[in-house]
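The primary structure of each chain is shown beneath.
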Amino acid sequence: MNRKPSKQQEKILNKQGKFIVKACAGSGKTLTLSKKLANLIDNNTEPHKGIATLSFTNAAWKEIEKNLDKWNSGINYPNFIGTFDKFINKFIFYKYYYLLDEFNERPLLVGDLITPWRRKKHDKDYQQYFDGFSFDKDDNLIKTKKVDPFFKFVKNNINGSENGHYKNLKNMKKSIYKEGFVTQADINYFSLKLLEEFDFISENVANKFPIFLIDESQDTNDIKMSIMNIILSKDSIKGFIFIGDSNQAIYEWNGAKPELFGDLAEQYDTVNLNENWRSSQNICNLSSKLSGTQYNAVNDEVKDYPFIPIINGYDKPKENKSEFFKGLINDFLEICEEHDIELSEKI
């Protein structure tokens, strides 16, 4: 770190075992996690056992990697850093997919986020929705992105029988699995099924990575949390850290459940990072009122800045969206000019 760690950050750096970190915006959580990882790598005495550092966004793990490169502390074998999906793909699904009856060959990952893929022979062809639906941990079909099918998506009819469209979707998914295609949501689903059926898989993963550092934990979902619960329950696990902030969840539209992170904080010892190194106390006071958690500004250069935050409401039915946001930007620029604030060219 460029500055001496705070007492709160020092507690994380020195603490061992299994615990949760609840970190507010601007608390330096990624920098602290980077230093924690560097220390763990430097002190690792087992040449074939590593630390797995996972995040739910590419930006987060790349920032950690950048910090370690700056400190000349490489993330080489046997350590792993990357997204949760990449970890699941590499160490669970593509290593053990052959144990599943659904696949005749190594499946190809498809979908809008990886490879453009869509098949549609006619308007009412169910195959066009292959990458828009998958399964939850209880084997129910769910939407995995915004799709507008030609039918009403329900599991059961009024009389309790399985809906015909729902059944056709399931059959379509299974038939395309046999052809050798999966989406990332499918991979996560099947990886959980593999862990539930074959105990040796989670044993192997836990033995390879006895320590896990999991950033942006507020963006996890049921399946991913279930995967981690199975792995982290193994005797080989020496420690883990879930770090996040439920108020910064951004993937609820894609099934993320911030309350899962909150549940962890009730089960394990928790360290709070409520010091904000980025904002003034006036901004922290507003954030505290909105979140119900007290945040404290600690950066001497900005903590006493007198500007009082302004809240602008947006009433969508009555406002022109484009004009509203143009006016909001102009108001922001005028405030910056009034307070002699220099804006980056990126803004």
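Residues numbered from 1 in each chain as written. Predicted model: local features only at pLDDT ≥ 70, side-chain atom pairs only at ≥ 80, totals over all residues. Heavy atoms only, no water.

A short note on the overall build of the protein
Turning to step 1, where the next piece is worked out: Looking only at helices and strands, the protein has 11 helices and 12 strands in total.
Turning to step 2, where the next piece is worked out: C-alpha atoms of the protein, sized along the principal axes, occupy 65 × 60 × 40 Å.
Turning to step 3, where the next piece is worked out: Counting all 347 residues of the protein, 45% fall into the buried class.
Turning to step 4, where the next piece is worked out: Restricting the contact set of the protein to residue pairs at least 6 apart, pairs at least 24 apart contribute 69%.
Turning to step 5, where the next piece is worked out: Just so you have it, the protein exposes about 19600 Å², and 48% of that area is on carbon and sulfur atoms.
Turning to step 6, where the next piece is worked out: Here the protein contributes 48 positively and 50 negatively charged side chains, and the mean placements of these two sets differ by 4 Å. (Helix = DSSP H or I, 4+ residues; strand = E, 2+ residues; numbered from the N terminus. Buried < 20%, exposed > 50% of the residue type's maximum accessible area, 1.4 Å probe, protein only. Contact = heavy atoms within 4.5 Å. Areas by Shrake-Rupley, 256 points an atom, 1.4 Å probe, with all protein chains shown as cover. Lys, Arg positive; Asp, Glu negative; His and termini not counted. Charge placed at Lys NZ, Arg CZ, Asp CG, Glu CD.)

Digging into the pattern of salt bridges
Opposite charge on two side chains permits them to pair, given that their charged atoms come into close proximity.
Turning to step 1, where the next piece is worked out: Tallying each qualifying case throughout the model produces 15 salt bridges.
Turning to step 2, where the next piece is worked out: With a closest N to O distance of 3.2 Å, E216 and K29 form a salt bridge. Of this pair, E216 sits in the loop between β8 (211–214) and α8 (222–232) while K29 sits in helix α2 (residues 29–42); the two residues are 187 residues apart in sequence, bridging distant segments of the chain. Like K29, E216 is buried.
Turning to step 3, where the next piece is worked out: One salt bridge connects E162 with K170, and the closest N-O pair in it is separated by 2.8 Å.
Turning to step 4, where the next piece is worked out: Here the residues in one salt-bridge network are K29, D215 and E216, joined through shared partners. (Salt bridge = Lys/Arg side-chain N within 4 Å of Asp/Glu carboxyl O.)

Some details on α8
Turning to step 1, where the next piece is worked out: With respect to burial, α8 is a largely interior element, 9 of its 11 residues being buried.
Turning to step 2, where the next piece is worked out: Turning to α8, its buried residues number three or more, namely I223, K224, M225, S226, I227, M228, I230, I231 and L232.
Turning to step 3, where the next piece is worked out: At the N-terminal boundary of α8, the capping side chain belongs to N221, with an oxygen 3.2 Å from the backbone nitrogen of I223. (Polar contact = N/O pair within 3.5 Å; in protein donor to acceptor, adjacent residues only side chain to side chain.)

Topic: the nonpolar core
Turning to step 1, where the next piece is worked out: By size, the foremost hydrophobic cluster in this structure holds 60 residues, and its most contacted members are F87, F93, F212, I231 and F242.
Turning to step 2, where the next piece is worked out: Counting residues per element, this core draws most heavily on helix α4 (residues 84–96), at 8 residues.
Turning to step 3, where the next piece is worked out: If we ignore the near neighbours within four places in the chain, the residues touching F93 are I88, L100, F103, P107, V182, I187, F190, S191 and L194.
Turning to step 4, where the next piece is worked out: Among the nonpolar cores identified, the runner-up in size contains 21 residues, and F19, I51, L213 and L273 belong to it. (Core = buried A, V, L, I, M, F, W, Y, C linked by side-chain atoms within 4.5 Å.)

Section: α4
Turning to step 1, where the next piece is worked out: Between its first and last C-alpha atoms α4 spans 17 Å; for 13 residues at 1.5 Å apiece the expected length is 18 Å, and the two agree.
Turning to step 2, where the next piece is worked out: Maximum bend of α4: about 35°, positioned at K90.
Turning to step 3, where the next piece is worked out: Three or more residues of α4 are buried, namely F84, F87, I88, N89, F91, I92, F93, Y94 and Y96. (Expected span 1.5 Å × (residues − 1). Bend = angle between axes of the 7 residues up to and from the residue.)

Let's talk about the side chain of N163
Turning to step 1, where the next piece is worked out: Examined against the element boundaries, N163 turns out to sit in the loop between β6 (141–143) and α5 (164–179).
Turning to step 2, where the next piece is worked out: N163 sits in the buried class, given a relative accessible area of 9%.
Turning to step 3, where the next piece is worked out: Once residues within four sequence positions are removed from consideration, N163 is found in contact with V154, K155, N156 and N157.

Looking at the sheet that holds strand β1 (residues 18–23)
Turning to step 1, where the next piece is worked out: Taking strand neighbours across the sheet as the criterion, the 6 strands line up as β3-β2-β8-β9-β1-β10 in an open arrangement whose pairing is parallel. Unpaired on one side and paired on the other, β3 (80–83) and β10 (269–273) mark the two borders of the sheet. Averaged over all pairs of adjacent strands, the angle between strand axes in this sheet comes to 15°, irrespective of strand direction.
Turning to step 2, where the next piece is worked out: Looking at chain direction, strand β2 (residues 51–55) and β3 are connected through 4 bridges and run parallel. Within the sheet, the bridge partner assigned to L54 lies in β3 and is G82.
Turning to step 3, where the next piece is worked out: Across the face of the sheet, α4 comes into contact with β2, β3 and β8 while running at roughly 120° to β3. (Pairing = 2+ DSSP bridges. Axes fitted to C-alpha atoms, helices over the stretch in contact; angles between N-to-C directions.)

Some words on the packing of α4 against helix α6 (residues 184–197)
Turning to step 1, where the next piece is worked out: Running from N to C, α4 and α6 cross one another at 60°; their axes reach a closest spacing of 9 Å. One way to sum up the angle between α4 and α6 is to call them oblique. When you trace α4 past α6, the crossing you get is left-handed. Packed against α4, whose contacting residues are D85, I88, N89, I92, F93, Y94 and Y96, the element α6 presents Q184, I187, N188, F190, S191, L194 and L195 at the interface.
Turning to step 2, where the next piece is worked out: In terms of residue class, the contact of α4 with α6 is built from 9 nonpolar, 4 polar and 1 charged. (Parallel < 35°, antiparallel > 145°, perpendicular 65-115°, else oblique. Left-handed = near helix turned anticlockwise from the far one by under 90°. Nonpolar A, V, L, I, M, F, W, Y, C, P; charged D, E, K, R; others polar.)

Describing the environment of L195
Turning to step 1, where the next piece is worked out: Inspection of the secondary structure puts L195 in helix α6.
Turning to step 2, where the next piece is worked out: The class for L195 is buried, based on a relative accessible area of 3%.
Turning to step 3, where the next piece is worked out: Sequence spacing of L195 and S217 is 22 residues, and the spatial spacing of their C-alpha atoms is 21 Å.
Turning to step 4, where the next piece is worked out: Not counting residues up to four positions away in its chain, the partners in contact with L195 are I92, I201, S202, I227, I230 and I231.

Purely spatial values, then, with no claim about function.
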